[in-house]
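Read off the chains here:
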Amino acid sequence: MKRHIMFLFAMTILSMLLTAPVQAQSAGEGWRYLHQGNIDGARGAFETMLQEGNQDGAFGLLLCAARTLQWREVIDRAQALSNTPTAVQFPVAYWHARALIGRGRLDEALQRLLVIPVQQLDYRTAALGALLCMVLEEPHELPLFRRQFARYMPGSLLGYVLEHPASPMPGTPRAPWVEGWMVTPTLDSDMVYFAAGQDLFNSGLVWYSPQLRARADEAFAEAIRRQPDNAMAYVYRFLLARMSGDLPGADAALQQLAAQPDERLLVFGDEVQPALTQALLLAPEQAAFPHLLGAWHLDHNFYTGATAMLQRALELDGQRAMTLYYISEALQRLGKLDEAAKAIDRALDISGPNAALLLQKVHVLRRYPKPTREQQAQYAQLYEEVIRLEPDRFDAMAELGYIYLALERPDDAERCFRAMDGSRYTTDGPLGDVVNVRVRLMEKAGDLDGALRVYRQLADEYVSVIPVQSQMARMYERAGKHDDALVIWRRMSETYREFGPAWFGDNPWNVRDLFEACERVGDAELLRGVSLHLIATFAPRVGQNRWIDIRLQMARAYRYLSQRELALEQLNMILGFDKHHAGARAMLEELTAPQQ
């Protein structure tokens, strides 16, 4: 009997160990698929969670139904979850109310929200409740929800809509925080008005309230006035016009959408997918809607779905170059490089020279492994064409500079990096890389004195670039000029003493070189300070990657600080990656040698 009990206990523990990772994997897959817009994949993962007894799977299935506007299923699942002690009661109540609105049961929706404790109300739930109070003309319930507006400072204009003097609820006082918020310059933008219209639309109440429908349309119109190429604003105006039976208005919105530049949307939140799906159902002949849905899938890293939707848009309009651009990007992410290259070439045939398309072409080509020198020269030509078309494309200029370095053309690389002066891409690093390539070429040619002259000429200009100075010092040492090397090491340590850790920030290679400078100079005080900075800055995260050189430097720092066990830990990590690492083995032998 005792053996039987022990066997059952062991099997229970084993079952828990085996199923826990599976449950965690199902949960992770479900939320990831839902975020990507892969509803079928999310449903499968959430059903698995539910079978395993995880009630969050039921909430996931509720969200899948809400995402596809299946309100009957949402109501059923919300009612089942309302009697379950889970951690998702508040969002269940929100989606239950949304589903009741979708079925036209507005009074029940308000009653469902009113039973939520005020402490659990967030901004979106409070907004939904306040809008219901307006539509149902029940102002006595409004203070419950307005309190949450003041607490959460919403990122849209719903508060303004509710308390505007022209509100459907006349006499409602306008709260002071709304006035202060409205005059904030950083929020007085097209995106704020777009968010206001989107919140009103997503509440579902625009179906039942002409006033709210008109207010949402005004918000989108204002967003368009401030940013005329906001494609989603035209999509929402199309849907609002169809709700109102305004067919000429819907056609006008479609014409304006077709006239917008074909760029990726700025607002790709999860909220736009149902609107685009609804627009596609209402106007399946319009290529713009599957095009935008495909771009949404692409932004959410769901590349198979993006490809399918974009191919549908291409069947409706085969001359959309940006649809082919998105198809190429999706295929590139799927690893189908040959197909991606054909798609972008076709886009270039349609549009002619275009910087964005040329950049996509070079991105596809650079995914092929082990490029030859001739292929890298082709990449350089493409980047040069991009810069000719758009001289301010500093990202292309930076990439071109590094390709020139790979082609051992340091003068051309320096020209690129200097042309970037003042851009956000400019760093000290690229110019230091130019010096290093120029010096390496001279060393290969046996001109060690010439390489040193390059360093001496440029060291003053790049005085803040630590790697340039440290490599110049090492070159002096290789040339046997130890006194000259010591001058540079001492200059680095003195600069650190003057400016402190801010001089090199959190760049691990700078810290490594400065540590070496302190060792060469023999400045024990500075060496201790740099050791502590190195450990405090990189110890928490160096274990997540394979920076063997930094691990070795940290081992040296721990050894200097007499923390032998921590030094041995770093060395063992290095040898776990590379068991033949000479530096790590030498230090390990030193630390483990018997004490004399």
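Thresholds applied
Residues numbered from 1 in each chain as written. Predicted model: local features only at pLDDT ≥ 70, side-chain atom pairs only at ≥ 80, totals over all residues. Heavy atoms only, no water. 1 Å grid on protein atoms, 1.4 Å probe; cavity = no way out; pocket = protein on both sides within 12 Å on 5 of 7 lines; lining within 4 Å. Points joined across faces, edges and corners; volume = space filled by probe spheres on them. Helix = DSSP H or I, 4+ residues; strand = E, 2+ residues; numbered from the N terminus. Nonpolar A, V, L, I, M, F, W, Y, C, P; charged D, E, K, R; others polar. Contact = heavy atoms within 4.5 Å. pLDDT = per-residue confidence, 0-100. Axes fitted to C-alpha atoms, helices over the stretch in contact; angles between N-to-C directions. Parallel < 35°, antiparallel > 145°, perpendicular 65-115°, else oblique. Left-handed = near helix turned anticlockwise from the far one by under 90°. Phe/Tyr/Trp six-rings, centres within 6.5 Å; stacked < 30°, edge-to-face > 60°. Buried < 20%, exposed > 50% of the residue type's maximum accessible area, 1.4 Å probe, protein only.

Describing the layout of surface pockets
Taking a probe equal in size to a water molecule and rolling it over the atoms shows the remaining empty space. Roughly 690 Å³ of volume is contained in the largest pocket. Listed by contribution, the elements that provide at least two residues to the lining of the largest pocket are helix 3 (56–67), helix 5 (89–102), helix 7 (123–135), helix 11 (190–202) and helix 15 (272–282). Considering each element in turn, the lining of the largest pocket owes the most residues, 7 residues, to helix 5. Its residues placed into classes, the lining of the largest pocket shows 16 nonpolar, 5 polar and 6 charged. Size it by volume and the second largest pocket reaches roughly 220 Å³. Lining the second largest pocket are 12 residues, and of these Gln 273, Thr 277, Leu 293, His 297 and Met 309 sit closest to its centre. Looking at the lining of the second largest pocket, the elements with two or more residues in it are helix 15, helix 16 (288–299) and helix 17 (303–316).

Observations regarding the environment of Asp 447
Relative to the helices and strands, Asp 447 resides in the loop between helix 24 (428–444) and helix 25 (448–459). Apart from residues no more than four positions distant in its own chain, Asp 447 is found in contact with Met 442 and Arg 453.

Let's talk about the confidence of the model for the protein
Should the pLDDT be low somewhere, the predicted coordinates at that spot are not to be read in detail. Summing up the model confidence of the protein, the mean pLDDT is 77 and the portion of residues at 70 or higher is 77%. For the protein, the element scoring lowest by mean pLDDT is helix 10 (residues 176–182), at 38; helix 19 (residues 337–351) scores highest, at 94.

Some points on the packing of helix 13 (residues 231–243) against helix 15
Direction vectors running N to C along helix 13 and helix 15 enclose 55 degrees, while the axes themselves pass 10 Å from each other. Taken together, the axis directions place helix 13 and helix 15 in an arrangement best described as oblique. Note that helix 13 runs across helix 15; the crossing there is left-handed. Counting all contacts with helix 13, which are made through Met 232, Val 235, Tyr 236, Phe 238, Leu 239 and Arg 242, the residues of helix 15 involved are Val 272, Ala 275, Leu 276, Gln 278, Ala 279 and Leu 282. Its residues placed into classes, the contact of helix 13 with helix 15 shows 10 nonpolar, 1 polar and 1 charged.

Description of the packing of aromatic side chains
Under the defined criterion, the tally for this structure stands at 8 aromatic pairs. When the ring of Phe 194 is compared with that of Phe 220, the centres are 5.7 Å apart and the planes differ by 65 degrees; the resulting orientation is edge-to-face. Taken together, the residues span a long stretch of sequence, with Phe 194 in helix 11 and Phe 220 in helix 12 (residues 210–226) at a distance of 26 residues. Classification of Phe 220 by relative accessible area gives buried; the value is 0%.

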